[in-house]
Amino acid sequence: CVPCREELPTVNVLQGVLGGEGFTFVPLSVDRAGAKLVGQYYAENHINNLPLYMDEDMDVSRALLVNGIPYTILVDRKGREIARILGDRNWATPEVTALIQQIIHQEG
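These numbers were taken from a predicted model, which means no experiment stands behind them.

> Sorry, what's going on with unusual backbone geometry here?
Working note: non-glycine residues mostly have negative phi, and peptide bonds are mostly trans. Cis geometry marks the peptide bond from I69 to P70; its omega dihedral reads -10°. Positionally, P70 belongs in the loop between α3 (59-63) and β3 (71-75). Backbone geometry places M58, a non-glycine residue, at a positive phi of 65°. For M58, the position within the fold is in the loop between β2 (53-54) and α3. By relative accessible area, M58 is classed as partly exposed at 24%. For L65, which is not glycine, the phi torsion reads 60° and is therefore positive.

> Please clarify how the pairing of strand β4 (residues 81-86) should be interpreted in this entry.
A regular strand places its side chains so that they alternate between the two faces of the sheet. Inspection of the sheet shows β3 paired to β4 by five bridges, in the antiparallel sense. Considered in β4, the bridge of L74 is made with A83. In this structure, the hairpin formed by β3 and β4 is closed by a connection of five residues, where G79 is found at a positive phi of approximately 85°.

Cut-offs used in this document
Residues numbered from 1 in each chain as written. Predicted model: local features only at pLDDT ≥ 70, side-chain atom pairs only at ≥ 80, totals over all residues. Heavy atoms only, no water. Helix = DSSP H or I, 4+ residues; strand = E, 2+ residues; numbered from the N terminus. Buried < 20%, exposed > 50% of the residue type's maximum accessible area, 1.4 Å probe, protein only. Pairing = 2+ DSSP bridges.

Printed below as a string of structure tokens:
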């Protein structure tokens, strides 16, 4: 989807800044065209900090009660959901980075 394509580069930036033991962004594509098309998008847009995971049959999305895309679920270190966000966001802003850092430190 267009919002997903606009959001993913900002997710890549955030993962590059904060990614590691205390933080991981797990992108899950529901694109029915498959991993090859998503991989092509990754290459063309220099998405190099994120793995590529597919949910073509929507099994994971249904299990997590995802009701739209893009959809973000924040999960703490104990596997507890702490937030849900429907719609695209710019994850590369200083404000978002500071907020995620605050969450990481509270959970740490």
